[in-house]
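An overview of the molecular structure
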Amino acid sequence: MSKTYDVAVVGANSLVGEAILAQLAERKFPLGKIYALDTESGTDEDEEDVDFGRRSLSIGDVSAFDFSSVQFAFFAADANISRDYASKAATLGCKVIDNTALFRLEQDVPLVIPEVNPEAIQAAKRSIIATPNPSSVQILIALNVLHEVAQIKRINVVTYQSVSSTGRQAVEELARETIALLNGRPTKPRVYPKQIAFNVLPQVDELLTNGYTREEMSLVWEIRKVLDKPDLLINPSTAQVPVFFGHTNVLHVAFNEAIHANTARELLKKAPSVVVVDKQENDVYASPVTDAVGQDAVFISRVHDDISTQYGLNLWVVGDNVRRAALNSVQIAELWIKH
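Here goes a summary of the coordinates provided.

What counts, and at which threshold
Residues numbered from 1 in each chain as written. Predicted model: local features only at pLDDT ≥ 70, side-chain atom pairs only at ≥ 80, totals over all residues. Heavy atoms only, no water. Pairing = 2+ DSSP bridges. Helix = DSSP H or I, 4+ residues; strand = E, 2+ residues; numbered from the N terminus. Right-handed = clockwise from strand over helix to strand, strands pointing away. Buried < 20%, exposed > 50% of the residue type's maximum accessible area, 1.4 Å probe, protein only. Expected span 1.5 Å × (residues − 1). Axes fitted to C-alpha atoms, helices over the stretch in contact; angles between N-to-C directions. Contact = heavy atoms within 4.5 Å. Phe/Tyr/Trp six-rings, centres within 6.5 Å; stacked < 30°, edge-to-face > 60°. Bend = angle between axes of the 7 residues up to and from the residue. Polar contact = N/O pair within 3.5 Å; in protein donor to acceptor, adjacent residues only side chain to side chain. Parallel < 35°, antiparallel > 145°, perpendicular 65-115°, else oblique. Nonpolar A, V, L, I, M, F, W, Y, C, P; charged D, E, K, R; others polar. Salt bridge = Lys/Arg side-chain N within 4 Å of Asp/Glu carboxyl O.

A few words now on the pairing of strand β6 (residues 95–98). The pairing of strand β5 (residues 72–75) with β6 spans four bridges and is classified as parallel. Across the sheet, residue F75 finds its bridge partner in β6, namely D98. With helix α2 (residues 79–91) bridging β5 and its parallel neighbour β6, the resulting β-α-β unit is right-handed.

As a further point, take the pairing of strand β10 (residues 247–255). When you tally the buried positions in β10, you get eight out of nine residues, the bulk of the element. Alignment of strand β8 (residues 152–161) against β10, held across eight bridges, turns out to be antiparallel. Across the sheet, residue V157 finds its bridge partner in β10, namely L251. Pairing analysis gives eight bridges linking β10 to strand β13 (residues 312–319), with the strands arranged antiparallel. Counterpart to L251 in the pairing with β13 is L315.

Here we take up helix α1 (residues 15–26). Three- or four-residue spacings in an α-helix give side chains the same orientation, since the helix completes a turn every 3.6 residues. Along its 12 residues, α1 runs 16 Å from first to last C-alpha, staying within 8% of the 16 Å computed at 1.5 Å per residue. By the burial criterion, the buried members of α1 are L15, V16, G17, A19, I20, L21, Q23 and L24. Of the residues one or two after α1, K28 is the one with positive phi, at around 55°.

Turning to the sheet that holds β8, a few remarks are in order. Strand order in the open sheet made by the six strands is β9-β8-β10-β13-β12-β11, with mixed pairing throughout. Each end of this open sheet is capped by a strand with a single partner; those strands are β9 (233–240) and β11 (274–276). For this sheet, the mean inter-axis angle between neighbouring strands, taken without regard to orientation, is 20°. Where helix α3 (residues 134–150) meets the sheet, it contacts β8, β10, β11, β12 (298–305) and β13, and its direction lies at approximately 25° from that of β10. Its contacts with the sheet place helix α6 (residues 261–269) against β11, β12 and β13, and it is angled at close to 165° to β12.

Before going further, it helps to examine the side chain of T159. Tracing the sequence through the fold places T159 in strand β8. Leave out the neighbours within four places in its chain, and T159 touches S135, I139, L219, S237, T238, A239, T248 and N249.

A few words now on the packing of aromatic side chains. Inspection of every chain in the model, using the stated rule, returns six aromatic pairs. Between F67 and F75, the ring centres sit 5.9 Å apart and the planes meet at 20°, which makes this aromatic pair stacked. Comparing F67 with F75, the two get one shared label, buried. One aromatic cluster is present, formed by Y5, F29, F72 and W336 through successive ring pairs.

The seven strands are arranged β3-β4-β2-β1-β5-β6-β7 in an open sheet whose pairing can be described as mixed. Pairing within the sheet leaves two strands with one partner each, and these edge strands are β3 (49–52) and β7 (128–130). The average angle at which neighbouring strand axes cross in this sheet is 30°, direction not considered. Where strand β2 (residues 31–38) meets strand β4 (residues 55–61), three bridges bridge the pair, whose relative direction is parallel. Paired with A36 across the strands is I59, a residue of β4. Docked against the sheet, α1 engages β1 (5–10), β2, β3, β4 and β5, running at close to 35° with respect to β3.

Let's shift gears to α2. Spanning 13 residues, α2 covers 18 Å between terminal C-alpha atoms, matching the ideal 18 Å at 1.5 Å per step. In α2, a bend of some 35° at Y85 exceeds every other bend along the element. I81, S82, Y85, A86, A89 and A90 are the residues of α2 that are buried. On its buried face, α2 sits against β1, β5, β6 and β7. Its side-chain oxygen at 3.0 Å from the backbone nitrogen of N80, D78 defines the N-terminal cap of α2. Backbone geometry just after α2 places G93 at a positive phi near 90°.

Time to look at the environment of A90. By the element assignment, A90 lies in helix α2. Along the backbone, A90 and S127 are 37 residues apart, and their C-alpha atoms lie at a distance of 5.6 Å. In this structure, A90 is in contact with V96, R126, S127 and I128, ignoring residues within four places of it in sequence.

Take the packing of α3 against helix α8 (residues 321–338) next. It is the contact of α3 with α8, at a shortest axis distance of 9 Å, that shows an interaxial angle of 80°. With respect to each other, α3 and α8 are oriented roughly perpendicular. Contact residues: P134, V137, Q138 and I141 in α3; N321, R324, A325 and N328 in α8. Residue composition of the contact of α3 with α8, grouped by class: four nonpolar, three polar and one charged.

Quick look at the pattern of salt bridges now. One pass over the full model with this rule turns up 12 salt bridges. Among the salt bridges present, the one from E115 reaches R324, with a minimum N-O distance of 3.2 Å. With E115 in the loop between β6 and β7 and R324 in helix α8, this residue pair connects regions lying 209 residues apart in the sequence. The residues E115 and R324 share a single accessibility class, namely buried.

Structure, rendered in structure tokens:
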């Protein structure tokens, strides 16, 4: 009889928590018992159940849960919940995969993308592994195979982030504002500082003293950590766009060695979790909504040489941010089992 593992999903009522449950079911993770958890404040009275495959799970209170009863715990709530319970769960012998920003930059917590740095899992001394920001995951899955061949010198990236990155309330706000505006009614933003429907906001997360936002700097810190290149030059910009699900990343990458678009395209076609949609014809490209949403893969289009530098490439990278965040977490657990 094959070994099974008891699992808890904290933040089961969040978008990523629901997606983790879906991935566990779809990928036939070797489950024993499965527990859906949240805080009392994070569980709506009308939504005390969450879907898991063909059945529903009752959402329990994380504060009353005994983490010594499970082997894996996925944290998909906010950083405060991870701060209160993740380390406690790890000390009780539970393997923790955290989806918040809390542990991503901790020196003794690996930041893992299984397609990029699976070996890092062996450094999980605290029984905690962090999964990167979804934009970082998409960017690194796209660039890793190219970095192995030509070594990245500099990355300029602009990410266009869907509202689902902010959470369920932001998705509801975009829907509410869109309906109101299409019907000629005024709308007042609640989640974002300005109207998001039919608009673009140039600030994601708080502004730091260096002029970048925390979300932008997280791309710098996380990409450097995953690639183990602490001095890699990265210039990020982020924008919030009126899209429900699916992030877009526009990459301008300089390399230390020559690598041209045709070579890059062939390398990318063989890369894990990548789909190349790029025949250098009009209208042949992937978009986040029509191609990436609901898919596990990262889609890459518009691969072409950068005319402004000697060894440079431009890429258009899209993916389902919520699904990729969940998938990365479940893949980490699968990798942990193998090790």
